[in-house]
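# Structural features, examined
So you can see what is in the structure, the chains are spelled out below.
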Amino acid sequence: MFNKILIANRGEIAVRIIRTCRELGIRTAAVYSEADRGALHVRLADEAFCIGPAPARDSYLNIPNIMSTAELLDVDAIHPGYGFLAENPHFAEICQDCRITFIGPPPEAIEKMGNKSAARQMMRRAGIPVIPGSDGPIRDEAQALAVARETGFPLIIKAAAGGGGRGMRVVHTREDLRRHLSAAQQEAEAAFGNGAVYIEKYLEQPRHVEVQILADGRGTTVALGERDCSVQRRHQKLLEESPSPAVSARLRRALVRAAVRAAEVAGYVNAGTVEFLVDSDEHFYFMEMNTRIQVEHPVTEMVTGIDLVKEQIRIAAGERLTLPREPETRGHAIECRVNAEDPARDFAPSAGPITAFVPPGGPGIRVDTHAFAGYTIPPHYDSLVAKVIAWGRDRDEAIARMQRALGEFEVRGIRTTIPFHLAVLDNAFFRRGEVYVNFVQRRIDLSALRS
Ligand code: ADP
């Protein structure tokens, strides 16, 4: 097992990782930017080192500074969390070269899944259903129009190197497609340094259902059930739950089989998530694989009782998985992402000082946060302030607990997405489990929210 782990991240996920390290008796080294001097992860870690100015490219993405800190502090391993360097194969490779364990998959697996268009091809060849569309990246307009003839409209143009809900355009006509194709390629080049785009049929009312897997690189790949992440705004997840209210036992078996197969053909090791879209006839399609711990991992932890970060560290240390192939799940869990955004003003960012902060507690409630009263949310990073996770024996109990918890949660000084979540939890369609990726747009009246 490792003696010391450097956490190349910030915010709630850095705090989350430090907590598990402490339970395992592993020392922790935090890194921070000048804007994060007073951050909770800095206070909780055994050691902390400033790695640069506030902008992420100068600090949390600054590979030379992170690696020299890792060497200076003599760490055995680096946990990248999510975002920043977590899915950068180059970084994973540098760690390898420096004989520091990267807590995540091998660089080759990150690379294979990082190109979403290539990943689609690989999955199709492995017999896993993919959304109808182009086979590989689009070369020119003629090829794009040929795909359109075959699959029909609407279509979605996606950046091969895209992520985080960015780099996608929905098109409805041939003119639309012509007009958006080169713009999408230019945008992808500017945003991701790779102009390759591919095309998929745009599914009308799919659900986003993903399967959590763990693979130990010694022949064991375990699936830990699914998460339903259909409550989204502009392709960004806001509320996630496990199990999915729409997945039958038969569909679950098929999803799990496909996810395990996807991980195996990619030579995957460590924790990963295979994302699918599911239509109303229970057809499912591979969308992409995320090669890191996800923001929404706690809902899986709540229903399985398994600490995913602990498993990540054990796998990276070369230990065998000792879990059953399909661990049992118990009850229902929901996560609400509390962001520093004003849902009444089109989710405008609301960084600044938090004057009061009283998180909820009580039966079935877990709060993962780096915030506290007196903390100032810097404007430089993502807007996640806290994740509230509610567990119940069934979905109704989880919803009731979440409503109770969000009602207790006191955050002053900034606007948050709590009123949005309360509106979702109270919505009749949500309560019946009738949730699709366009649910928020169709069913939630954002203009009625008071923050
Ligand atoms: P990212 O990696 O940027 O998160 P994904 O490929 O995971 O992008 O897609 C994010 C979301 O975009 C999905 O959850 C879904 O809401 C929407 N989406 C993506 N592809 C399609 C599609 N073919 N049809 C309908 N919606 C889609």
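Scroll up to find the structure.
Residues numbered from 1 in each chain as written. Predicted model: local features only at pLDDT ≥ 70, side-chain atom pairs only at ≥ 80, totals over all residues. Heavy atoms only, no water.

## Looking at the pattern of salt bridges
Applied cut-off: One side-chain nitrogen of Lys or Arg within 4 Å of one carboxyl oxygen of Asp or Glu is enough to make a salt bridge. Strands are runs of DSSP state E lasting at least 2 residues, helices are runs of H or I lasting at least 4, and numbering of each runs from the N terminus. Burial status follows relative accessibility: with a 1.4 Å probe on protein chains alone, a residue under 20% of its type maximum counts as buried, one over 50% as exposed, and anything between as partly exposed.
Tallied over the full model, the rule gives 40 salt bridges. Here K310 makes a salt bridge to E23, at a shortest N to O gap of 3.6 Å. One end of the pair, K310, is in helix α11 (residues 308-316); the other, E23, is in helix α1 (residues 11-24), and 287 residues separate them in sequence. Assessed through its relative accessible area of 58%, E23 is described here as exposed. Here K158 and E200 are joined by a salt bridge, their closest N and O atoms 3.1 Å apart. Taken together, the positions of K158 in strand β6 (residues 155-159) and E200 in strand β8 (residues 197-201) put the pair 42 residues apart, joining distant regions of the chain. E200 carries the same exposure label as K158, and that label is buried. Taken together, the shared-partner salt bridges in this structure form one network comprising E210, R227, K237, E240, E275, E296 and R337.

## A short note on the sheet that holds strand β5 (residues 101-102)
Basically, it comes down to this: Pairing between two strands requires that DSSP report at least two bridges joining them. Throughout, a residue-residue contact means that at least one pair of heavy atoms, one from each residue, lies within 4.5 Å. Lines fitted to the C-alpha atoms define the axes, with helices restricted to the stretch that makes contact. Angles between their N-to-C directions range from 0 to 180 degrees.
Taken together, the 5 strands give an open sheet; going across it, the order is β3-β2-β1-β4-β5, and neighbouring strands pair in parallel fashion. Both edges of this open sheet fall to β3 (47-52) and β5, since each of them pairs with a single strand only. Of the strand pairs in this sheet, strand β4 (residues 77-79) and β5 are connected by 2 bridges, and their pairing is parallel. By the bridge assignment, I78 is partnered in β5 with F102. Each of β1 (4-7), β2 (27-33) and β4 touches α1; the most contacted strand, β1, lies at about 175° to it.

## Here's the deal with a negative patch on the surface
The criterion, for reference: Grouping into patches uses exposed residues only, defined as over 30% relative accessible area, and leaves out salt-bridged ones; the cut-off is 9 Å for like charges and 5 Å for nonpolar side chains (Val, Leu, Ile, Met, Phe, Trp, Tyr). In short, Shrake-Rupley with a 1.4 Å probe defines the accessible areas, and a residue's cover is counted only from the protein chains shown. Counted as positive: Lys and Arg. Counted as negative: Asp and Glu. His and the chain ends are not counted at all. Where a charge lies is defined by one atom per residue type: Lys uses NZ, Arg uses CZ, Asp uses CG and Glu uses CD.
A cluster of acidic side chains, namely E93, D97, E108 and E111, defines a negative patch on the protein surface. At the level of secondary structure, the elements contributing two or more residues to the negative patch comprise α4 (89-97) and α5 (107-114). With respect to the helices and strands, E111 occurs in helix α5.

## Quick word on the nonpolar core
Counted only if it meets this: Side-chain atoms within 4.5 Å link the members of a nonpolar core, which is a set of buried Ala, Val, Leu, Ile, Met, Phe, Trp, Tyr and Cys residues.
Membership of the largest hydrophobic core comes to 40 residues, with the highest contact counts inside it found for V231, I354, F420 and F430. For this core, the secondary-structure elements that each account for two or more residues are β11 (236-242), β14 (332-339), β19 (365-369), β21 (384-392), α12 (395-408), α13 (418-426) and α15 (439-443). The element best represented in this core is α12, accounting for 5 residues. Not counting residues within four places of it along the chain, the set of residues in contact with F420 comprises V231, L238, P343, F347, V440, I444, L446 and L449. Counting residues in hydrophobic clusters, the runner-up holds 30 residues, among them A259, A263, V274 and M289.

## Structural notes on the packing of aromatic side chains
Quick note on the threshold: Side-chain rings of Phe, Tyr and Trp, where Trp is taken by its six-membered ring, are said to pair if the distance between their centres is within 6.5 Å; with planes under 30 degrees apart they count as stacked, over 60 as edge-to-face, and otherwise as tilted. The criterion for a charge sitting over a ring is simple: Lys NZ or Arg CZ within 6 Å of the ring centre, and within 35 degrees of the ring normal.
In this structure the tally under the stated criterion is 8 aromatic pairs. Considering the side-chain rings of F84 and Y381, the 6.5 Å spacing of their centres and the 80° angle between planes classify their relative orientation as edge-to-face. In this pair, F84 is assigned in the loop between β4 and α4 and Y381 in the loop between β20 (376-377) and β21, connecting sequence segments 297 residues apart. Taking relative accessible area as the criterion, F84 reaches 28% and is therefore assigned partly exposed. By relative accessible area, Y381 is classed as buried at 12%. Of note, R43 hangs over the ring of F372, and the distance from its end group to the ring centre comes to 4.7 Å. Sitting over the face of the ring of F430, R395 holds its NZ or CZ atom 4.6 Å from the ring centroid.

## Re the environment of R412
Note the following rule: Counting of polar contacts relies on pairs of N or O atoms within 3.5 Å, with two restrictions inside protein: one atom must be capable of donating a hydrogen and the other of accepting it, and residues adjacent in sequence are counted only when both atoms are side-chain atoms.
Tracing the backbone through its elements, the reader meets R412 in strand β22 (residues 410-412). As for R412 and P353, which are separated by 59 residues in sequence, their C-alpha atoms are 8.7 Å apart. With sequence-adjacent residues up to four places away left out, R412 is seen in contact with P353, I354, T355 and A356. A distance of 3.1 Å separates the side chain of R412 from the side chain of E410, its partner in a polar contact.

## Re the side chain of E335
Relative to the helices and strands, E335 is located in strand β14. It is R337 that comes nearest to the buried, bridge-free E335 among opposite-charge side chains, at 4.0 Å. Discounting chain neighbours no more than four positions away, the residues touching E335 are L238, L239, E240, V295, E296, P298, V299, K387, V388, I389 and M402.

## Some thoughts on the site of the ligand
Selection criterion: Nearness here has a simple test: a residue counts as near a molecule or strand if at least one of its heavy atoms is within 4 Å of that partner.
As a matter of local geometry, the ligand sits amid 21 residues, with K158, G165, H208, Q232 and E288 nearest to it. A distance of 2.9 Å separates a nitrogen atom of the ligand from a polar backbone atom of K201. At a separation of 2.5 Å, an oxygen atom of the ligand approaches a polar side-chain atom of E288. Coverage of the ligand by the protein amounts to 95% of the 560 Å² it exposes when considered alone. Listed by contribution, the elements that provide at least two residues to the shell around the ligand are β6, β8, β12 (270-278) and β13 (284-290).

## Here we look at unusual backbone geometry
The omega angle of the peptide bond from F153 to P154 is -5°, so this bond is cis rather than trans. Its place among the elements puts P154 in the loop between α7 (141-151) and β6. Geometrically, the link from S242 to P243 is a cis peptide bond, its omega value of -5° lying close to zero. Positionally, P243 belongs in the loop between β11 and α9 (249-265). Even without being a glycine, F84 presents a positive backbone phi close to 40°.

Everything listed here is a matter of coordinates, which is why it stays silent on function.
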